[in-house]
Amino acid sequence: MAALGWLTPRRRSATARSVLAGEASAEAARKSTQALDSQDALDVSPREPQFPVHGDAMAAAFFDLDNTVMQGAALFHFGRGLYKRKFFETRDLVRFAWQQAWFRLAGVEDPEHMQEARDSALSIVQGHRVSELMSIGEEIYDEYMAERIWPGTRALAQAHLDAGQKVWLVTAAPVEIAQVIARRLGLTGALGTVAESVDGVYTGKLVGEPLHGPAKAEAVRALAAAENLDLSRCAAYSDSHNDIPMLSLVGHPYAINPDAKLRRHAHTLDWRLRDYRTGRKAAKVGIPAAAGVGAVAGGTAAAIALHRRRR
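Residues numbered from 1 in each chain as written. Predicted model: local features only at pLDDT ≥ 70, side-chain atom pairs only at ≥ 80, totals over all residues. Heavy atoms only, no water.

Student: Explain the sheet that holds strand β2 (residues 166–174) here, please?
Tutor: Two strands in a sheet stick together by hydrogen bonds in their backbones, pointing the same way (parallel) or opposite ways (antiparallel). A sheet is described by the order of its strands in space; here six strands give the open sequence β3-β2-β1-β6-β7-β8, paired in parallel fashion. With one partner strand each, in any of the chains shown, β3 (189–193) and β8 (272–274) form the two edges of the open sheet. For this sheet, the mean inter-axis angle between neighbouring strands, taken without regard to orientation, is 20°. Pairing between β2 and β3: four bridges, direction parallel. Following the sheet pairing, W168 is matched in β3 by G189. Most of the contacts of helix α8 (residues 214–227) go to β2, to which it runs at about 145°, and overall it touches β1 (60–64), β2 and β3. (Pairing = 2+ DSSP bridges. Helix = DSSP H or I, 4+ residues; strand = E, 2+ residues; numbered from the N terminus. Axes fitted to C-alpha atoms, helices over the stretch in contact; angles between N-to-C directions. Contact = heavy atoms within 4.5 Å.)

Student: Quick question: what am I supposed to make of the nonpolar core here?
Tutor: The tendency in soluble globular proteins is for nonpolar side chains to be buried as a group. F63, F78, M145, L169, I181 and Y237 are the most contacted members of the largest nonpolar core, which totals 44 residues. By residue number, the principal contributor to this core is helix α5 (residues 130–145), which donates seven residues. When near neighbours in sequence (up to four residues on either side) are disregarded, F78 contacts L133, I136, I140, M145 and I177. Residues V170, A217, C234 and W271 belong to the second largest nonpolar core, which totals 28 residues. (Core = buried A, V, L, I, M, F, W, Y, C linked by side-chain atoms within 4.5 Å. Buried < 20%, exposed > 50% of the residue type's maximum accessible area, 1.4 Å probe, protein only.)

Student: In this structure, what is going on with the packing of helix α2 (residues 74–84) against α5? I would like to understand it.
Tutor: Two quantities define a packed helix pair, namely the angle between the helix axes and the distance between the axes. Here α2 crosses α5 at 110°, and the two axes come no closer than 9 Å. Taken together, α2 and α5 sit at an angle that is classed as roughly perpendicular. Counting all contacts with α2, which are made through A74, H77, F78, R80, G81, L82 and K84, the residues of α5 involved are L133, I136, I140, E143, Y144 and M145. Residue composition of the contact of α2 with α5, by class: eight nonpolar, two polar and three charged. (Parallel < 35°, antiparallel > 145°, perpendicular 65-115°, else oblique. Nonpolar A, V, L, I, M, F, W, Y, C, P; charged D, E, K, R; others polar.)

Student: Sorry if this is basic, but what is going on with the pairing of β1 here?
Tutor: Side-chain positions along a regular strand alternate between the two faces of the sheet. By the criterion of burial, β1 is predominantly enclosed, with five of the five residues buried. Residue alternation in β1 divides its side chains into two sets, A60, F62 and D64 and A61 and F63, and both sets are buried. Examined bridge by bridge, β1 and β2 share five bridges and lie parallel to one another. Among the inter-strand pairings, A61 is bridged to a residue of β2, identified as V167. Two elements, β1 and strand β6 (residues 235–238), share three bridges in a ladder whose sense is parallel. Of the residues in β6, the one forming a bridge with F62 is A236.

Student: For this particular structure, what's the right way to read unusual backbone geometry?
Tutor: Note on backbone geometry: most residues besides glycine have negative phi, and most peptide bonds are trans. In the Ramachandran plot, N67 falls in the positive-phi region, its phi being about 65° despite a non-glycine side chain. Since its relative accessible area comes to 7%, N67 is described here as buried. The residue K86 is not glycine, and still its phi comes out positive at about 60°. Of note, K86 is situated in the loop between α2 and α3 (90–106).

Student: Help me out: how do you make sense of the pattern of salt bridges in this one?
Tutor: If charged atoms from side chains of opposite charge come close, those side chains can pair. Using the criterion set out here, one finds 14 salt bridges in the structure. The salt bridge partner of R233 is D56, with a shortest N-O separation of 2.8 Å. Here R233 is found in the loop between α8 and β6, whereas its partner D56 is found in the loop between α1 (16–32) and β1, with 177 residues between them in sequence. According to the relative accessible area criterion, R233 is partly exposed, its value standing at 34%. Three or more residues joined by partner-sharing salt bridges are found here, namely K84, R85, E139 and E143. (Salt bridge = Lys/Arg side-chain N within 4 Å of Asp/Glu carboxyl O.)

Student: Can you walk me through the side chain of S238 in this structure?
Tutor: For S238, the location among the structural elements is in strand β6. There is a polar contact of 2.6 Å between the side chain of S238 and the side chain of D243. Those residues in contact with S238, other than ones at most four positions away along the chain, are D64, T68, D243, M246, L247, Y254, A255, I256 and L262. (Polar contact = N/O pair within 3.5 Å; in protein donor to acceptor, adjacent residues only side chain to side chain.)

Take a look at the structure:
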(Lines give C-alpha, C1' and ligand atoms only; values in the text may rest on other atoms or scores of the structure.)
Protein backbone atom coordinates (compact mmCIF):
# COMPACT_ATOMS: atom_id res chain seq x y z
CA MET A 1 0.00 0.00 0.00
CA ALA A 2 1.33 3.41 -0.93
CA ALA A 3 2.71 5.45 1.92
CA LEU A 4 0.34 8.14 3.21
CA GLY A 5 1.42 11.70 3.75
CA TRP A 6 -1.17 12.64 6.31
CA LEU A 7 1.06 12.65 9.36
CA THR A 8 3.04 15.78 10.12
CA PRO A 9 6.65 15.28 11.27
CA ARG A 10 6.84 14.51 14.96
CA ARG A 11 8.49 12.28 17.49
CA ARG A 12 6.58 9.01 17.47
CA SER A 13 6.37 6.73 20.48
CA ALA A 14 4.36 4.20 18.52
CA THR A 15 6.00 1.45 16.54
CA ALA A 16 6.21 1.58 12.77
CA ARG A 17 3.56 -1.15 12.59
CA SER A 18 1.26 0.92 14.83
CA VAL A 19 1.68 3.89 12.52
CA LEU A 20 0.99 1.72 9.47
CA ALA A 21 -2.08 0.21 11.09
CA GLY A 22 -3.37 3.63 12.08
CA GLU A 23 -2.84 5.14 8.63
CA ALA A 24 -4.39 2.11 6.91
CA SER A 25 -7.43 2.32 9.15
CA ALA A 26 -7.82 6.06 8.52
CA GLU A 27 -7.56 5.51 4.78
CA ALA A 28 -10.15 2.73 4.88
CA ALA A 29 -12.49 4.89 6.95
CA ARG A 30 -12.23 7.85 4.57
CA LYS A 31 -12.86 5.67 1.51
CA SER A 32 -16.01 4.24 3.03
CA THR A 33 -17.49 7.50 4.37
CA GLN A 34 -20.65 8.75 2.72
CA ALA A 35 -23.73 10.73 3.69
CA LEU A 36 -25.75 8.50 5.99
CA ASP A 37 -29.46 8.59 6.68
CA SER A 38 -29.86 8.59 10.47
CA GLN A 39 -33.60 7.87 10.49
CA ASP A 40 -32.92 4.47 12.05
CA ALA A 41 -30.78 5.92 14.87
CA LEU A 42 -31.78 4.82 18.36
CA ASP A 43 -33.90 7.08 20.53
CA VAL A 44 -31.70 9.09 22.87
CA SER A 45 -32.18 11.15 26.00
CA PRO A 46 -32.21 14.95 25.57
CA ARG A 47 -30.53 15.39 28.95
CA GLU A 48 -26.97 14.75 27.77
CA PRO A 49 -24.34 17.45 27.92
CA GLN A 50 -24.30 21.02 26.60
CA PHE A 51 -20.91 20.23 25.13
CA PRO A 52 -20.14 19.91 22.18
CA VAL A 53 -20.07 23.36 20.64
CA HIS A 54 -22.62 23.63 17.85
CA GLY A 55 -21.27 24.33 14.38
CA ASP A 56 -17.59 23.72 15.17
CA ALA A 57 -16.48 22.18 11.86
CA MET A 58 -12.95 21.55 13.14
CA ALA A 59 -14.19 19.32 15.96
CA ALA A 60 -15.22 15.65 15.84
CA ALA A 61 -15.74 12.78 18.25
CA PHE A 62 -14.00 9.40 18.44
CA PHE A 63 -15.68 6.53 20.28
CA ASP A 64 -14.14 3.24 21.34
CA LEU A 65 -16.62 0.42 20.72
CA ASP A 66 -16.29 -2.43 23.23
CA ASN A 67 -17.91 -1.63 26.59
CA THR A 68 -18.05 2.04 25.57
CA VAL A 69 -20.73 2.07 22.88
CA MET A 70 -21.66 -1.61 23.15
CA GLN A 71 -21.97 -3.93 26.13
CA GLY A 72 -19.27 -6.57 25.70
CA ALA A 73 -16.84 -7.04 22.84
CA ALA A 74 -17.87 -6.74 19.20
CA LEU A 75 -15.44 -9.53 18.37
CA PHE A 76 -17.11 -11.75 20.96
CA HIS A 77 -20.49 -11.28 19.29
CA PHE A 78 -18.97 -11.58 15.82
CA GLY A 79 -17.37 -14.85 16.88
CA ARG A 80 -20.73 -16.18 18.05
CA GLY A 81 -22.10 -15.47 14.61
CA LEU A 82 -19.17 -17.11 12.82
CA TYR A 83 -19.42 -20.18 15.02
CA LYS A 84 -23.13 -20.42 14.31
CA ARG A 85 -22.25 -20.35 10.60
CA LYS A 86 -19.65 -23.12 11.05
CA PHE A 87 -16.55 -21.05 10.33
CA PHE A 88 -14.69 -23.01 13.04
CA GLU A 89 -13.69 -26.66 13.35
CA THR A 90 -12.90 -28.54 16.55
CA ARG A 91 -9.14 -28.45 15.97
CA ASP A 92 -9.35 -24.64 15.63
CA LEU A 93 -11.16 -24.40 18.95
CA VAL A 94 -8.44 -26.35 20.73
CA ARG A 95 -5.67 -24.18 19.28
CA PHE A 96 -7.43 -20.90 19.98
CA ALA A 97 -8.33 -22.00 23.52
CA TRP A 98 -4.65 -22.54 24.32
CA GLN A 99 -3.60 -19.21 22.81
CA GLN A 100 -6.32 -17.24 24.59
CA ALA A 101 -5.56 -18.97 27.90
CA TRP A 102 -1.91 -17.95 27.60
CA PHE A 103 -2.79 -14.29 27.10
CA ARG A 104 -5.22 -14.24 30.00
CA LEU A 105 -2.86 -15.99 32.46
CA ALA A 106 0.38 -14.26 31.44
CA GLY A 107 -1.17 -10.80 31.45
CA VAL A 108 1.43 -9.53 28.96
CA GLU A 109 1.55 -9.22 25.21
CA ASP A 110 4.49 -11.32 24.05
CA PRO A 111 5.12 -10.44 20.35
CA GLU A 112 5.82 -14.04 19.31
CA HIS A 113 2.66 -15.41 20.91
CA MET A 114 0.57 -12.52 19.60
CA GLN A 115 1.82 -13.13 16.06
CA GLU A 116 0.92 -16.82 16.34
CA ALA A 117 -2.56 -15.97 17.59
CA ARG A 118 -3.11 -13.38 14.87
CA ASP A 119 -2.01 -15.80 12.16
CA SER A 120 -4.37 -18.47 13.47
CA ALA A 121 -7.28 -16.08 13.69
CA LEU A 122 -6.73 -14.62 10.24
CA SER A 123 -6.63 -18.09 8.73
CA ILE A 124 -10.36 -18.31 9.48
CA VAL A 125 -11.26 -15.55 7.03
CA GLN A 126 -8.49 -16.26 4.52
CA GLY A 127 -10.01 -16.97 1.13
CA HIS A 128 -13.40 -15.52 2.03
CA ARG A 129 -14.70 -12.50 0.18
CA VAL A 130 -14.90 -9.13 1.93
CA SER A 131 -18.50 -8.77 0.73
CA GLU A 132 -19.37 -12.09 2.41
CA LEU A 133 -18.08 -10.90 5.78
CA MET A 134 -19.88 -7.58 5.37
CA SER A 135 -23.16 -9.40 4.70
CA ILE A 136 -22.63 -11.69 7.68
CA GLY A 137 -21.80 -8.66 9.80
CA GLU A 138 -25.19 -7.14 8.99
CA GLU A 139 -26.91 -10.31 10.19
CA ILE A 140 -24.80 -10.59 13.32
CA TYR A 141 -25.54 -6.98 14.24
CA ASP A 142 -29.26 -7.75 14.23
CA GLU A 143 -28.79 -11.05 16.08
CA TYR A 144 -26.42 -10.04 18.88
CA MET A 145 -25.42 -6.38 18.89
CA ALA A 146 -28.38 -4.06 18.36
CA GLU A 147 -29.86 -4.65 21.81
CA ARG A 148 -26.48 -4.18 23.52
CA ILE A 149 -25.88 -0.53 22.63
CA TRP A 150 -25.49 1.66 25.73
CA PRO A 151 -28.25 4.34 25.47
CA GLY A 152 -26.16 6.83 27.45
CA THR A 153 -23.15 6.59 25.15
CA ARG A 154 -25.43 6.63 22.13
CA ALA A 155 -26.83 9.93 23.45
CA LEU A 156 -23.33 11.39 23.68
CA ALA A 157 -22.65 10.43 20.05
CA GLN A 158 -25.96 11.92 18.96
CA ALA A 159 -25.10 15.18 20.72
CA HIS A 160 -22.05 15.53 18.46
CA LEU A 161 -24.09 14.68 15.38
CA ASP A 162 -26.75 17.21 16.36
CA ALA A 163 -24.00 19.81 16.71
CA GLY A 164 -23.01 19.16 13.10
CA GLN A 165 -19.85 17.21 13.94
CA LYS A 166 -18.58 13.92 12.54
CA VAL A 167 -18.51 10.89 14.82
CA TRP A 168 -16.20 7.92 14.30
CA LEU A 169 -15.94 4.52 15.95
CA VAL A 170 -12.35 3.49 16.74
CA THR A 171 -11.92 -0.22 17.44
CA ALA A 172 -9.64 -3.24 17.14
CA ALA A 173 -12.54 -5.09 15.51
CA PRO A 174 -12.31 -5.65 11.73
CA VAL A 175 -12.94 -2.38 9.92
CA GLU A 176 -15.71 -3.96 7.84
CA ILE A 177 -17.66 -4.96 10.95
CA ALA A 178 -17.00 -1.58 12.56
CA GLN A 179 -18.40 0.14 9.46
CA VAL A 180 -21.58 -1.92 9.68
CA ILE A 181 -22.09 -0.87 13.30
CA ALA A 182 -21.32 2.80 12.55
CA ARG A 183 -23.80 2.86 9.67
CA ARG A 184 -26.54 1.19 11.74
CA LEU A 185 -26.07 3.83 14.44
CA GLY A 186 -26.12 6.70 11.95
CA LEU A 187 -22.49 7.65 12.67
CA THR A 188 -20.02 9.07 10.17
CA GLY A 189 -17.77 6.03 9.85
CA ALA A 190 -15.32 3.75 11.60
CA LEU A 191 -11.63 3.13 12.12
CA GLY A 192 -10.80 -0.54 12.63
CA THR A 193 -8.24 -3.26 12.07
CA VAL A 194 -7.49 -3.62 8.36
CA ALA A 195 -7.08 -7.14 7.02
CA GLU A 196 -5.34 -7.31 3.66
CA SER A 197 -7.48 -8.26 0.68
CA VAL A 198 -6.70 -8.73 -3.01
CA ASP A 199 -9.50 -8.47 -5.56
CA GLY A 200 -12.00 -8.51 -2.71
CA VAL A 201 -10.64 -11.71 -1.11
CA TYR A 202 -8.89 -11.84 2.28
CA THR A 203 -5.25 -12.93 2.08
CA GLY A 204 -4.92 -13.91 5.74
CA LYS A 205 -2.58 -10.99 6.55
CA LEU A 206 -3.00 -7.71 8.40
CA VAL A 207 -1.99 -4.28 7.19
CA GLY A 208 0.34 -3.24 9.98
CA GLU A 209 -1.07 -4.56 13.26
CA PRO A 210 -4.39 -4.65 15.14
CA LEU A 211 -5.85 -1.21 15.83
CA HIS A 212 -5.10 -1.42 19.53
CA GLY A 213 -3.50 0.96 22.00
CA PRO A 214 -1.00 3.28 20.27
CA ALA A 215 -2.30 2.26 16.83
CA LYS A 216 -5.68 3.79 17.69
CA ALA A 217 -4.00 7.08 18.50
CA GLU A 218 -2.14 6.94 15.18
CA ALA A 219 -5.40 6.32 13.30
CA VAL A 220 -7.11 9.27 15.00
CA ARG A 221 -4.11 11.52 14.36
CA ALA A 222 -4.01 10.52 10.68
CA LEU A 223 -7.73 10.99 10.18
CA ALA A 224 -7.69 14.35 11.95
CA ALA A 225 -4.91 15.58 9.66
CA ALA A 226 -6.76 14.38 6.57
CA GLU A 227 -10.07 15.91 7.72
CA ASN A 228 -8.48 19.21 8.85
CA LEU A 229 -9.60 18.72 12.44
CA ASP A 230 -8.20 20.48 15.49
CA LEU A 231 -7.64 17.70 18.02
CA SER A 232 -7.70 20.18 20.90
CA ARG A 233 -11.37 20.79 20.00
CA CYS A 234 -12.20 17.11 19.51
CA ALA A 235 -13.57 14.57 22.00
CA ALA A 236 -12.73 10.92 22.58
CA TYR A 237 -14.54 8.29 24.64
CA SER A 238 -13.32 4.94 25.97
CA ASP A 239 -13.66 2.44 28.82
CA SER A 240 -10.09 1.11 28.74
CA HIS A 241 -6.72 2.28 30.00
CA ASN A 242 -5.30 0.84 26.77
CA ASP A 243 -6.87 3.83 25.03
CA ILE A 244 -5.13 6.47 27.13
CA PRO A 245 -2.91 7.35 24.11
CA MET A 246 -6.05 8.13 22.06
CA LEU A 247 -7.79 9.95 24.90
CA SER A 248 -4.67 12.04 25.55
CA LEU A 249 -4.69 13.34 21.96
CA VAL A 250 -7.89 15.33 22.31
CA GLY A 251 -8.99 18.33 24.27
CA HIS A 252 -12.11 16.63 25.60
CA PRO A 253 -11.39 13.07 26.85
CA TYR A 254 -14.18 11.05 28.44
CA ALA A 255 -13.86 7.87 30.51
CA ILE A 256 -16.98 5.79 29.83
CA ASN A 257 -17.71 2.75 32.04
CA PRO A 258 -13.99 2.88 32.89
CA ASP A 259 -11.79 0.05 34.08
CA ALA A 260 -9.90 0.64 37.33
CA LYS A 261 -6.72 1.98 35.74
CA LEU A 262 -8.56 4.41 33.49
CA ARG A 263 -10.76 5.57 36.35
CA ARG A 264 -7.68 6.43 38.42
CA HIS A 265 -6.05 8.16 35.47
CA ALA A 266 -9.22 10.13 34.70
CA HIS A 267 -9.52 11.30 38.33
CA THR A 268 -5.88 12.36 38.37
CA LEU A 269 -6.24 14.47 35.21
CA ASP A 270 -9.80 15.62 35.98
CA TRP A 271 -11.21 14.01 32.82
CA ARG A 272 -14.97 13.75 32.42
CA LEU A 273 -16.40 10.40 33.49
CA ARG A 274 -19.66 8.61 32.76
CA ASP A 275 -20.63 5.18 34.06
CA TYR A 276 -23.83 3.65 32.69
CA ARG A 277 -23.43 0.34 34.53
CA THR A 278 -25.20 -0.63 37.73
CA GLY A 279 -24.43 -3.31 40.29
CA ARG A 280 -22.81 -6.35 38.75
CA LYS A 281 -22.96 -4.74 35.34
CA ALA A 282 -20.13 -2.51 36.49
CA ALA A 283 -17.84 -5.49 36.02
CA LYS A 284 -16.14 -5.81 32.66
CA VAL A 285 -18.51 -7.45 30.20
CA GLY A 286 -17.36 -10.00 27.65
CA ILE A 287 -13.89 -11.09 26.58
CA PRO A 288 -11.21 -8.59 27.65
CA ALA A 289 -9.79 -6.65 24.73
CA ALA A 290 -6.35 -6.44 26.36
CA ALA A 291 -5.14 -9.48 24.46
CA GLY A 292 -5.34 -7.34 21.34
CA VAL A 293 -4.93 -10.26 18.97
CA GLY A 294 -6.53 -8.57 16.01
CA ALA A 295 -9.17 -8.98 13.40
CA VAL A 296 -10.96 -12.15 14.49
CA ALA A 297 -9.11 -13.46 17.54
CA GLY A 298 -11.61 -12.04 20.01
CA GLY A 299 -14.34 -13.70 18.04
CA THR A 300 -12.63 -17.07 18.27
CA ALA A 301 -12.53 -16.69 22.04
CA ALA A 302 -16.28 -16.20 21.93
CA ALA A 303 -16.66 -19.39 19.95
CA ILE A 304 -14.60 -21.25 22.52
CA ALA A 305 -16.79 -20.01 25.35
CA LEU A 306 -19.90 -20.95 23.44
CA HIS A 307 -18.49 -24.38 22.67
CA ARG A 308 -17.74 -25.05 26.32
CA ARG A 309 -21.23 -23.93 27.32
CA ARG A 310 -22.76 -26.46 24.95
CA ARG A 311 -20.73 -29.40 26.24
